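# Architecture and fold: a report
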Amino acid sequence: MIRSIFLFLDRTYVLQNSMLPSIWDMGLELFRNHIISDRMAQSKTIDGILLLIGRERSGEAVDRSLLRSLLSMLSDLQVPEYLNHVSKRLEEEADRVITYLDHSTQKPLIACVEKQLLGEHLTAILQKGLDHLLDENRVPDLTQMYQLFSRVKGGQHALLQHWSEYIKTFGTTIVINPEKDKDMVQDLLDFKDKVDHVVEVCFQRNERFINLMKESFETFINKRPNKPAELIAKHVDSKLRAGNKEATDEELERILDKIMILFRFIHGKDVFEAFYKKDLAKRLLVGKSASVDAEKSMLSKLKHECGAAFTSKLEGMFKDMELSKDIMVHFKQHMQNQSAPGPIDLTVNILTMGYWPTYTPMEVHLPPEMVRLQEVFKTFYLGKHSGRKLQWQTTLGHAVLKAEFKEGKKEFQVSLFQTLVLLMFNEGDGFSFEEIKMATGIEDSELRRTLQSLACGKARVLIKSPKGKEVEDGDKFIFNGDFKHKLFRIKINQIQMKETVEEQVSTTERVFQDRQYQIDAAIVRIMKMRKTLGHNLLVSELYNQLKFPVKPGDLKKRIESLIDRDYMERDKDSPNQYHYVA
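Calculation rules
- Residues numbered from 1 in each chain as written.
- Predicted model: local features only at pLDDT ≥ 70, side-chain atom pairs only at ≥ 80, totals over all residues.
- Heavy atoms only, no water.
- UniProt positions renumbered as here; feature names shortened; annotations may be inferred.
- Pairing = 2+ DSSP bridges.
- Helix = DSSP H or I, 4+ residues; strand = E, 2+ residues; numbered from the N terminus.
- Axes fitted to C-alpha atoms, helices over the stretch in contact; angles between N-to-C directions.
- Contact = heavy atoms within 4.5 Å.
- Parallel < 35°, antiparallel > 145°, perpendicular 65-115°, else oblique.
- Buried < 20%, exposed > 50% of the residue type's maximum accessible area, 1.4 Å probe, protein only.
- Lys, Arg positive; Asp, Glu negative; His and termini not counted.
- Salt bridge = Lys/Arg side-chain N within 4 Å of Asp/Glu carboxyl O.
- Polar contact = N/O pair within 3.5 Å; in protein donor to acceptor, adjacent residues only side chain to side chain.

Where an unreviewed UniProt entry is consulted, the protein chain appears under the name Cullin-4A, with the organism given as Cricetulus griseus. Reading the Pathway (unreviewed entry) entry of the UniProt record for the protein chain gives the comment "Protein modification; protein ubiquitination."

### Examining the sheet that holds strand S3 (residues 430–432)
One open sheet holds the three strands; their spatial order is S3-S5-S4, and the pairing between them is antiparallel. Each edge of the open sheet is held by one strand with a lone partner, namely S3 and strand S4 (462–465). Pairwise comparison of adjacent strand axes, ignoring direction, gives a mean angle of 25° for this sheet. Pairing of S3 with strand S5 (residues 476–479) involves three bridges; the strand directions are antiparallel. The partner of Ser432 across the bridge, within S5, is Lys476. Strand contacts of helix H20 (residues 433–440): S3 and S5, with the helix running at about 90° to S3, the strand carrying the most contacts. Of the strands in this sheet, S4 and S5 touch helix H21 (residues 444–455), which is tilted by about 115° from S4.

### Overview of the packing of helix H11 (residues 184–201) against helix H13 (residues 227–240)
At a minimum axis distance of 9 Å, the contact between H11 and H13 shows a crossing angle of 90°. On the basis of the axis angle, H11 is roughly perpendicular to H13. Only Pro228, Leu231, Ile232 and His235 of H13 make contact with H11, whose side of the interface consists of Met184, Val185, Gln186 and Leu189.

### Some details on the environment of Val292
Its place among the elements puts Val292 in helix H16 (residues 292–306). Overall, Val292 belongs to the exposed group, its relative accessible area being 51%. In this structure, the C-alpha to C-alpha distance between Val292 and Ala309, residues 17 residues apart in sequence, is 21 Å.

### Observations regarding the sheet that holds strand S2 (residues 408–415)
Two orientations exist for strands paired in a sheet by backbone hydrogen bonds: parallel and antiparallel. Strand order in the open sheet formed by three strands is S1-S2-S6, and the pairing between neighbours is mixed. Edge positions in the sheet fall to strand S1 (398–405) and strand S6 (489–491), since each has one partner strand and no second. Sheet twist, expressed as the average angle between the axes of neighbouring strands with direction ignored, equals 25°. Here S2 runs beside S6; their pairing, made up of three bridges, is parallel. Note that in S6 the partner of Gln413 across the bridge is Lys491.

### Remarks on the side chain of Asp571
Here Asp571 shows up in the loop between strand S8 (568–570) and strand S9 (577–580). Despite its burial, Asp571 pairs with no opposite charge, the nearest such side chain being Lys572 at 7.7 Å. Among the polar contacts made by the side chain of Asp571, one reaches the main-chain amide nitrogen of Ser574 at a distance of 3.0 Å. With sequence-adjacent residues up to four places away left out, Asp571 is seen in contact with Gln577 and His579.

### Some remarks on the pattern of salt bridges
Applying the stated criterion across every chain, the model contains 32 salt bridges. Across the pair Arg224 and Asp181 runs a salt bridge whose closest N-O atoms are separated by 2.9 Å. Of the two residues, Arg224 sits in the loop between helix H12 (207–221) and H13 while Asp181 sits in the loop between helix H10 (155–176) and H11, which places them 43 residues apart along the sequence. Taking relative accessible area as the criterion, Arg224 reaches 15% and is therefore assigned buried. Salt-bridge contacts for Arg558 lead to Asp520; the nearest nitrogen and oxygen are separated by 2.9 Å. One end of the pair, Arg558, is in helix H24 (residues 552–564); the other, Asp520, is in helix H22 (residues 501–530), and 38 residues separate them in sequence. An identical accessibility class is assigned to Arg558 and Asp520; each is buried. Here the residues in one salt-bridge network are Asp237, Arg241, Arg283 and Glu295, joined through shared partners.

Structure below.
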C-alpha cells in the first residue's frame, strides 16, 4: 500500500540513485528487523505454522492459503537473512580459532562450516533468492552472496549459470512482446545499466560474469529476428533528430555509445542498416539533423564496428549533400549570368541512386514556371556531367510560398504537393476534391493527406465543406482569406503517414532480397575457389562468410537455384557433392 502511494517517487528519484533501496525493499527490511526478527514474534509464527501443519496431518481442515502466504513471506525474507547468518557463523568460528582453538584446526573447521552451510545448499539458495535479489536490485545482499559463493567449490560456477538464466529470461520478456515495442530499446538500455552496475559493484568486475552477460544478451536479443534491429535504428533516429531532449553533445555521445553496445549483440545488422539509412535520408533532406558532428560520430562508430563496406553508402549520402551544395553555388552564378532571372529560386539535391533508399517516383503536374526551371537546371547539370540521367523525386520536394491575406503577408514552408494544391487558388477561390486531383495529378491517398494538412490541421489555409476530420469524395475547398497566425513564416506539417506496415515490410523485404544476392555471391565465390565441394563443407564455409543469420533450408534453396541457372552442378554419382561450372 505504501509503495503504491509513493509509486512516482519509487520509479523516479529512487531508481536514479543506485545507493537507495526501493520502497518495497525498505519496507521488507523494516518488517524483517522489527517484526520477524523479534524473538517472540518469530517463535510464535513458526510454532503456529508447525501447529497448523500438524493439525492438517491428523485430519483437521486448515486455512491452506494462509499457510502458503505465511511461508512465502518467510522465504522472501529468508535468503539475505540466511547469508547474514552464514557470514556471522564464519566470523565466529574464525574468532574461536584466534581465541582458544589450535591454529592447525582453522582450515578444516572453516571448510566444514562452508561446506555444511553453503556447499550443500548452493542451488536451493540460488533458486530461492537470486531472482528476487536481482529484481529488487539489492546490491549489498548480492555482494555478500558473491563473496560467500566465491569461498566454496563450484559456488561461482553455480552463481554464474543462474545469473545467465536470469538475464536471458528477463531480457526475453523485454524483446518478445510486440505490445511493448515502443519502450523496447529504452528498457534494454535500462536493463543493461542495471546489470552492468551489479557486475561492477557486486561481482567485482569478474571477467567470467562480464563475458557470460554479453553472451546472454546476444542470445535473448536475437530470439526475435529483425525487430530489435529496426527499433534500435529508429531509437538512434529519435536521438539524432533536431529538437531532441538530450541537451549536450557529451550526453548525446554517451547515449550513442550505449546504443552501440546493444547494436553489437544483433545478428541481422543489415536490417539495422536499411532502417538507419531510411531515417538518415529524411534527416538530411529535410535538414532535420540535430548536429552534423553527432551524425559523423555515429557513422565512425558504425564503421569501426562493421568495417568500411557497411558505411560506404551512408558516407555516400553525406558526400552527395556536400557536392549538391557546391553544385548549387555554381548554378546560382549561372542563373545570375542569364539575363532574365525568374521569380523562383531553385535548390536541388543530387542523390546518387545506389546510396539512397529507393523512392517510388510519382508523376505530378507542375506549373510551367517550375518545369522551365527544372529544364534549365537539367541542361546546366548535364552540360557539366554528360552521360548521367536525372530523375526528379517529387515526393521529397518542398518550397517556401508567399501568400497575402486580409491581415497581411505570410510565408509558408510546405511540401511540393501542398505547394501544387495552394497554387491552384491563384486561379480561383474554390475547387472540389476531384478538380484538385485532376489538376495536380497527385495520387489519391497522398492528396487526401495533403488536403487534410491544409484544411483540418492547426494552420487552416483552406476551408473544407462539409467540415470533418477526413477528406471525402465530393468535398469542396475554399481559400481562407481571413487566415490569422502570430508567426510570419509558418511550417505546415504534412500529415505524417504513420510509417505504414507496408513501408516497414518493404524495407525488411529489400533486406531479404539483398541477402539472397549475398548468399548467391558467396556460394559462387567459394565454388570458384574450391572447384569441387561436399554439401556440408560448403554450408559450414558459408556460415563463416555470411554476416547475418540464415537457416540451412534457405541455403539449400539458393544452391538449388544456382544449379538451375548452371553456375554449378551435382556430382553424377554422389548427389551431396557439387562441381563449379566455369
